[in-house]
Structures are given as structure tokens and as C-alpha cells.
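Given next are the chains, with one letter for each unit.
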Amino acid sequence: MKVVTWNVNSLTARWARVSEFLSSRQPDVLLIQETKQSEEKFPSADFAELGYEAVHYGQGQWNGVAIVARDGVSDVRRGFGDADPEARVISARVGEWRMFSCYAPNGRALDNPHYTYKLQWLDRLREEVTAHRGERLLLGGDFNVARTDLDCWDPSSFVGATHVSVPERAALEGVLDAGLVDLARRHQPEGPLYTWWDYRNGSFRRGWGLRIDYLLSDPTSAEDLREVYVDRETRKGERPSDHAALVAQFDRRAPAD
DNA sequence: ATGTCAAATGGTATTTGA
């Protein structure tokens, strides 16, 4: 079972890269963030041609999340069931899992109202995870928080910035403490594991990255983890997203009976 | 030089967001 999370920064602009990725890497599940597409524009038929069922929660210009899977996708839920107008979370049953594709708010600046919205959104996600405790869970997405200083290329240059502040990190830990394992860090306790590099400044070439994209699972499922890696090829080449795809491979479990 | 990229608007450029 290969599961991937990837913030594509516009599925319209990234279609060639995404379709090539599905064809060549053959993941079982792809969790997408920032489709930046309306429901009408989302290319369900093109995913079907590649052998995937795709479900989407989009609003058009900004945000937009999707779950793309080879096997059946059912019981789709869009948003948190509250008044949030921004399309930042979709979940569905995929096989024996409940999977989530998540796109946390950016925060913009520590004194910006969007920062408060970010903290509240992460707390709402924590509640959601708590409500599903005991189930097979897999969350993937762009959480817009570098969990520790190990996840930031230069902590000294991020003093006073978003993505590394104490409240943001506490909010992310709250999600994890609700019963999830940080799969990349479990597999590789040391090392940078960056998933995002600014388009500017030649950041990718210079290694100026952040780890802000995560795959999180319940502890039982984490026992089946075989490997996790950042697919750096997705950040290279023609018209890349500013995020790389994060890949987790699970060993198949014996069917329950 | 926050040095790029993407979407939207009403453009052959500017604003907003990341």
C-alpha cells in the first residue's frame, strides 16, 4: 500500500506532473492539496482514465483538497461540518482506512487574523482526530508548521515568523497527541526531510527548505510502515510545485477474518 | 532585489496569496 501526499499548487498548472507521477509511481492513494479548482473544473474523468477514483472539495481560486485512490472511495465528507467557507479538508473511507487530505491555513503573520484562524483550524482538526480515535486513520497534507527546529533549514532566520512559532507547534502537537504517529519522523528520527522550498532565491538548490507536509497514521497502522521518503524528483524539472511529494509504503496486512 | 509562481482582473500589467 503506497500512500502519497502532495501539495501541487494548482492542479490545473500541475496536471502534466501529476498524471506522469501517477503513471510512473503507481501509488494506491494520492492526497492532494491546493487544487485551486472549482468542482466543475476538477478532472475526475482524467483521473478515471488513469485508473483512479477521485473525490474533491474545491472552491475555485484558492485552497481545494482531493483524495485519489485506486480502490473504492466511500463515505466522503467535505469540511468539518461547520461554517468554514474555505475548502481545506476532505475525508473518505478508502479500504479499511479513513483518510484525510488536509491543507492548514498559512497564517501569513503572527499578528494577522489569519494566524488565529490557523490555530483554530488545527484545534478543530485535533477534535476530528479525537472523534475517530480507535479507527484506522491516515492523514496527509500541508500543515504549514515545521514541527521542530530540525524541520527548518535556518531557525535563526525564522525568529518572529509563522510556521515555527510556539503556538503553531503546540497546535500541531495537539493533533498528534490525539493519537497519530508522524510517519516520516518515525522512520527517520534524524535528518531534515524537507518537503517545501520557496520558489525564490534558488532555495531548492541551496537546501533552504522546511518540513511542513506530513503523513500521520494511527499507531497500529504505523507498525506496518515499511518506508517513507520525500520524492525530490517531484520538486525538479519542468514547472514543479514548490512542494515535493511525500511517500509512505505500508506492508500489506493479512486480511482480517 | 522576497530574486517565483499562479489566479484573477481587465490586462498586454497589477494585485493577492503563498
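Our subject is the structure that appears above.
Described in the following lines is the structure provided in the data block. (Residues numbered from 1 in each chain as written. Chains lettered and ligands numbered in written order. Predicted model: local features only at pLDDT ≥ 70, side-chain atom pairs only at ≥ 80, totals over all residues. Heavy atoms only, no water.)

## Observations concerning the pairing of strand 14 (residues 245-250)
Here's step 1: Across the six residues that make up strand 14, a large majority, six, are buried.
Here's step 2: By the alternation rule, side chains of strand 14 split into Ala245, Val247 and Gln249 and Leu246, Ala248 and Phe250, which are all buried.
Here's step 3: Where strand 1 (residues 2-7) meets strand 14, four bridges bridge the pair, whose relative direction is antiparallel. Residue pairing across strands places Thr5 opposite Leu246, the latter belonging to strand 14.
Here's step 4: Two strands pair when backbone bridges link them, and strand 13 (residues 225-231) and strand 14 are joined in this way by six bridges, in the antiparallel orientation. Each residue of the ladder has a partner; that of Asp231, found in strand 14, is Ala245. (Buried < 20%, exposed > 50% of the residue type's maximum accessible area, 1.4 Å probe, protein only. Helix = DSSP H or I, 4+ residues; strand = E, 2+ residues; numbered from the N terminus. Pairing = 2+ DSSP bridges.)

## A short note on the protein's contact with DNA strand B
Here's step 1: Taken together, 15 residues surround DNA strand B, and among them Ser10, Arg14, Arg108, Tyr199 and Arg200 come closest.
Here's step 2: In the interface set of DNA strand B, defined as its atoms within 4 Å of the protein, sugar plus phosphate atoms amount to 60%.
Here's step 3: A distance of 3.4 Å separates a sugar or linking oxygen of DNA strand B from a polar atom in the backbone of Tyr199.
Here's step 4: A distance of 3.3 Å separates a base oxygen of DNA strand B from a polar atom in the side chain of Arg200.
Here's step 5: Looking at the surface near DNA strand B residue by residue, the class counts come to three nonpolar, seven polar and five charged. (Near = heavy atom within 4 Å. Polar contact = N/O pair within 3.5 Å; in protein donor to acceptor, adjacent residues only side chain to side chain. Nonpolar A, V, L, I, M, F, W, Y, C, P; charged D, E, K, R; others polar.)

## Some thoughts on the sheet that holds strand 6 (residues 89-94)
Here's step 1: Here we have six strands laid out as an open sheet, ordered 5-6-7-8-12-9, and mixed in their pairing. Bordering the open sheet on either side are strand 5 (73-78) and strand 9 (181-182), each of which pairs with just one other strand.
Here's step 2: Here strand 8 (residues 137-142) pairs with strand 12 (residues 213-217) via five bridges, running antiparallel. Each residue of the ladder has a partner; that of Gly141, found in strand 12, is Tyr214.
Here's step 3: Strands in contact with helix 3 (residues 113-131) are strand 6, strand 7 (97-103) and strand 8; relative to strand 7, the strand with the most contacts, it is inclined by about 180°. (Contact = heavy atoms within 4.5 Å. Axes fitted to C-alpha atoms, helices over the stretch in contact; angles between N-to-C directions.)

## A few points about the nonpolar core
Here's step 1: Val3, Val29, Met99, Leu138, Leu183, Leu215 and Phe250 are the most contacted members of the largest nonpolar core, which totals 33 residues.
Here's step 2: Contributions of two or more residues to this core are made by strand 2 (29-33), strand 3 (53-57), strand 4 (65-69), strand 6, strand 7, helix 5 (183-187), strand 13 and strand 14.
Here's step 3: In contact with Val29, not counting residues within four places along its chain, are Met1, Lys2, Val3, Val4, Val68, Ala69, Val94 and Met99.
Here's step 4: Counting residues in hydrophobic clusters, the runner-up holds 22 residues, among them Ala104, Leu137, Phe143 and Val175. (Core = buried A, V, L, I, M, F, W, Y, C linked by side-chain atoms within 4.5 Å.)

## Digging into unusual backbone geometry
Here's step 1: Non-glycine residue Asn63 carries a positive phi angle of around 60°.
Here's step 2: Within the fold, Asn63 resides in the loop between strand 3 and strand 4.
Here's step 3: Look at Asp75: it is not a glycine, yet its phi comes out positive at around 50°.
Here's step 4: The topology assignment puts Asp75 in strand 5.

## A look at the pattern of salt bridges
Here's step 1: Enumeration according to the criterion identifies 21 salt bridges in this entry.
Here's step 2: The salt bridge partner of Asp182 is Arg211, with a shortest N-O separation of 2.8 Å. Placement of Asp182 in strand 9 and of Arg211 in the loop between strand 11 (209-210) and strand 12 is noted, with a sequence separation of 29 residues between them. Like Asp182, the residue Arg211 is buried in the burial classification.
Here's step 3: Connected via shared salt-bridge partners are Arg147, Asp151, Glu173, Asp182, Arg185 and Arg211. (Salt bridge = Lys/Arg side-chain N within 4 Å of Asp/Glu carboxyl O.)

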